[in-house]
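# Chain and residue survey
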Amino acid sequence: MCGIFIDEKPHRSVFLYFYHLASSNSEYRKMNTQMRRTARERVEAVLHQGIESRVFPRPVGVKVSDLAHDIYNLLIGAVVVTFTEDPVRHREAAARTLKGVLAILERHGKDKN
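## Observations concerning the environment of Ser-65
Positionally, Ser-65 belongs in helix H3 (residues 64-84). By relative accessible area, which is 31% here, Ser-65 ends up partly exposed. It is 9.5 Å that separates the C-alpha atoms of Ser-65 and His-48, two residues lying 17 residues apart in sequence.

## Here we look at helix H2 (residues 26-52)
Its 27 residues give H2 an end-to-end C-alpha distance of 39 Å, which sits within 8% of 39 Å, the value for a rise of 1.5 Å per residue. For H2, the complete set of buried residues consists of Asn-32, Arg-36, Ala-39, Val-43, Leu-47, Gly-50 and Ile-51. Here H2 starts with a cap whose side-chain oxygen sits 2.9 Å from the backbone nitrogen of Glu-27, and that cap is Asn-25. Backbone geometry just after H2 places Arg-54 at a positive phi near 65°.

## Quick notes on the packing of aromatic side chains
For the structure on display, the rule yields 4 aromatic pairs. On the numbers, 6.1 Å between centres and 75° between planes, the contact of Phe-18 with Tyr-19 is edge-to-face. By relative accessible area, which is 24% here, Tyr-19 ends up partly exposed. What links up through ring pairs into an aromatic cluster is the set Phe-15, Phe-18, Tyr-19, Tyr-28 and Phe-83.

## Examining the nonpolar core
With 12 residues, the main nonpolar core is built from Val-43, Leu-47, Ile-51, Phe-56, Val-64, Leu-67, Ala-68, Ile-71, Leu-75, Val-101, Ile-104 and Leu-105. A total of 5 residues in this core trace back to one element, the largest contributor, which is H3.

## Details of the pattern of salt bridges
By the definition in use, this model includes 3 salt bridges. As a salt-bridge pair, Glu-27 and Lys-30 come within 3.5 Å of each other at their nearest N and O atoms. One end of the pair, Glu-27, and the other, Lys-30, are both in helix H2, 3 residues apart, so they sit about a helical turn from each other. A salt bridge links Arg-96 to Glu-92; the shortest N-O distance between them is 3.8 Å. Here Arg-96 pairs with Glu-92, and both are found in helix H4 (residues 90-109), just 4 residues apart, close to one helical turn. Taking relative accessible area as the criterion, Arg-96 reaches 54% and is therefore assigned exposed.

What counts as what
- For every chain, the first residue of the written sequence is number 1, and numbering continues from 1 along that sequence.
- Given that this is a predicted model, residues contribute local features only at a pLDDT of at least 70 and side-chain atom pairs are listed and counted only at 80 or more, while totals for whole chains, interfaces and linings are drawn from all residues.
- Values reported for side chains reflect all heavy atoms of the structure, with hydrogen atoms and water molecules removed beforehand.
- The secondary structure listing takes helices from DSSP runs of H or I that are at least 4 residues long and strands from runs of E that are at least 2 residues long, numbered from the N terminus.
- Exposure classes here rest on a 1.4 Å probe applied to the protein chains alone. A residue is buried below 20% of its type maximum, exposed above 50%, and partly exposed in between.
- How far a helix is expected to stretch is found by multiplying one less than its residue total by 1.5 Å.
- For the purposes of these results, a polar contact is taken to be a pair of N or O atoms within 3.5 Å, where, inside protein, one atom must be able to donate a hydrogen and its partner to accept one; residues adjacent in sequence count only when each atom of the pair is a side-chain atom.
- Within 6.5 Å between ring centres, the rings of Phe, Tyr and Trp (the latter by its six-membered ring) count as paired, and their orientation is classed by plane angle as stacked under 30 degrees, edge-to-face over 60, tilted in between.
- For our purposes a nonpolar core is just a set of buried Ala, Val, Leu, Ile, Met, Phe, Trp, Tyr and Cys residues, chained together by side-chain atoms within 4.5 Å.
- By definition, a salt bridge exists where a carboxyl oxygen of Asp or Glu is found within 4 Å of a side-chain nitrogen of Lys or Arg.

Right, here's the structure in full:
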């Protein structure tokens, strides 16, 4: 998990600059859309594996693809915050993000009846 919180400033700049380009250039936006779709599909695959192996609860009332979307957005938000706020506490940010992911899974894994 800590691997997503890159501590090298050039990587941060490239990452954030790419998002800047995607916000104003249709070609970069298409690239960003495809990369985000691929990333969400990977998160979804991990969730399916975890559900099948009973590591994660089976979601109730929500599709796994929607959970993957929510989790991916949480991860990207955590990365942007880590890259742009001072002071940067990577381990703390990673731990809080993991707690957030687990909370999403637990909330949707409980029977609503």
